[in-house]
Each structure stands twice: as structure tokens, then as C-alpha cells.
Amino acid sequence: MNNMYSQIMLEHSKNKKNFREIENPTYIERGHNPSCGDDLTLLLKLDGQIIVDASFIGFGCAISKASMSIMIDLVKGKELKNALDVVDTFFKMMHEEEVEEEKLYSLGDAYLFESLKNVPARIKCATLGWHCLKVVLDKSKNAEV
Ligand code: ZN
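Residues numbered from 1 in each chain as written. Predicted model: local features only at pLDDT ≥ 70, side-chain atom pairs only at ≥ 80, totals over all residues. Heavy atoms only, no water.

*Asks:* Help me understand the sheet that holds strand 3 (residues 50-59), please; the structure alone is not making it clear to me.
*Replies:* Across a sheet, strands are paired by hydrogen bonds formed along the backbone, either parallel or antiparallel in direction. Sheet architecture is open: three strands sit in the order 1-2-3, paired in antiparallel fashion. Looking at which strands have only one partner, the edges of the open sheet turn out to be strand 1 (27-33) and strand 3. Averaged over neighbouring strand pairs, the angle between their axes works out to 20 degrees when direction is ignored. Summarising the sheet, strand 1 and strand 2 (residues 38-47) pair through seven bridges and their orientation is antiparallel. From the neighbouring strand, N33 faces strand 2, where its bridge partner is D38. (Pairing = 2+ DSSP bridges. Helix = DSSP H or I, 4+ residues; strand = E, 2+ residues; numbered from the N terminus. Axes fitted to C-alpha atoms, helices over the stretch in contact; angles between N-to-C directions.)

Right, here's the structure in full:
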């Protein structure tokens, strides 16, 4: 792990601003990673198509919490369809699919998890929160119809 990576990871895993409970969340989605013991729950509040607030609770390793927190920073204030775009880009990156450079930039700090894509045990930690968000986005899509 390079220095910048561990520094940002540490910063995010210590930062508690997204680690809280929000009132009246629209969606609550729990994610569990048995291989590491991560058990995190994403809370998301929508106003129409906009993610007005998001947070998470639970317990997990530094990677899972940092990734969840970075993801929340990225999608808060975004429209659902734009959040879905970010999530798709992240999964493509982790699965080594081709991604436009411009889209990778849109991942911000989440780009750092790219270095974990060859560490199967850690991929689950890094993608846990993103799986929760994907489930929520799919649910909200179905709710629209
Ligand atoms: Zn973990």
C-alpha cells in the first residue's frame, strides 16, 4: 500500500461525519461480508430523485468503512441516475473492465480502491457499501414504475 492510499484510508475510517443515523431514511440496506466480518448498513434519504442525505451504521474493517464513507461523500446531493453512474463506474473498475478516464476521475478518492482489485479477500470489503447502494438504486427504480 502506498503512502497516499493509507493516509486517505485512515482519514476516512476515522472520520465519523458519515457514521451516524439519519432521521426517517427512505431506504435502509444492510450489507454483510462474512469473510471479514464487516456488517454495515446504509441509510439513504431521498427527496424525489435527489439523495439529500446518506449515512451508515454498523461495524467493519477500515477498508469497508472508508469505502462506504467515500461513496457517501460522492453520491450525496446527486440525482439517482448520476449515483447509479458512479456505482457502475466503481464496479467496472474493480472488475477490471474498461472505463473512460473521465469517469475514473469522477470517482475521486474511491479511485484508490483500484489497487485492491487483485486482492479477492479485500474486494469484498471495498465493495460492500457499493453493493448496498446498488440494491437501493434498483429498489428506487422499481418504485418509480
Ligand atoms: Zn473488511
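Now that the structure has been shown, we can carry on.
*Asks:* Please explain the coordination of the zinc ion as it appears in this structure.
*Replies:* When a metal holds four donors in a tetrahedron, each ideal angle between them is 109.5 degrees; when it holds six in an octahedron, the ideal angles are 90 or 180 degrees. C36 (SG), D38 (OD), D38 (OD), C61 (SG) and C125 (SG) make up the full set of protein donors to the zinc ion, lying at 2.2 to 2.7 Å. The sequence pattern formed by the donor residues of the zinc ion is C-x1-D-x22-C-x63-C. Here the residue D38 occupies a position in strand 2, and C61 occupies one in the loop between strand 3 and helix 2 (62-75), the gap between them amounting to 23 residues. Take D38: its relative accessible area is 0%, and that puts it in the buried class. (Donors = N, O, S within 2.8 Å, 3.2 Å for Na, K, Ca; no water. Buried < 20%, exposed > 50% of the residue type's maximum accessible area, 1.4 Å probe, protein only.)

*Asks:* How should the nonpolar core be read in this particular structure?
*Replies:* Within soluble globular proteins, side chains that are nonpolar tend to cluster in buried spots. Core analysis: the largest hydrophobic core is formed by 43 residues, its most contacted members being I63, F113 and W130. Listed by contribution, the elements that provide at least two residues to this core are helix 1 (3-14), strand 2, strand 3, helix 2, helix 3 (80-94) and helix 5 (120-144). (Core = buried A, V, L, I, M, F, W, Y, C linked by side-chain atoms within 4.5 Å.)

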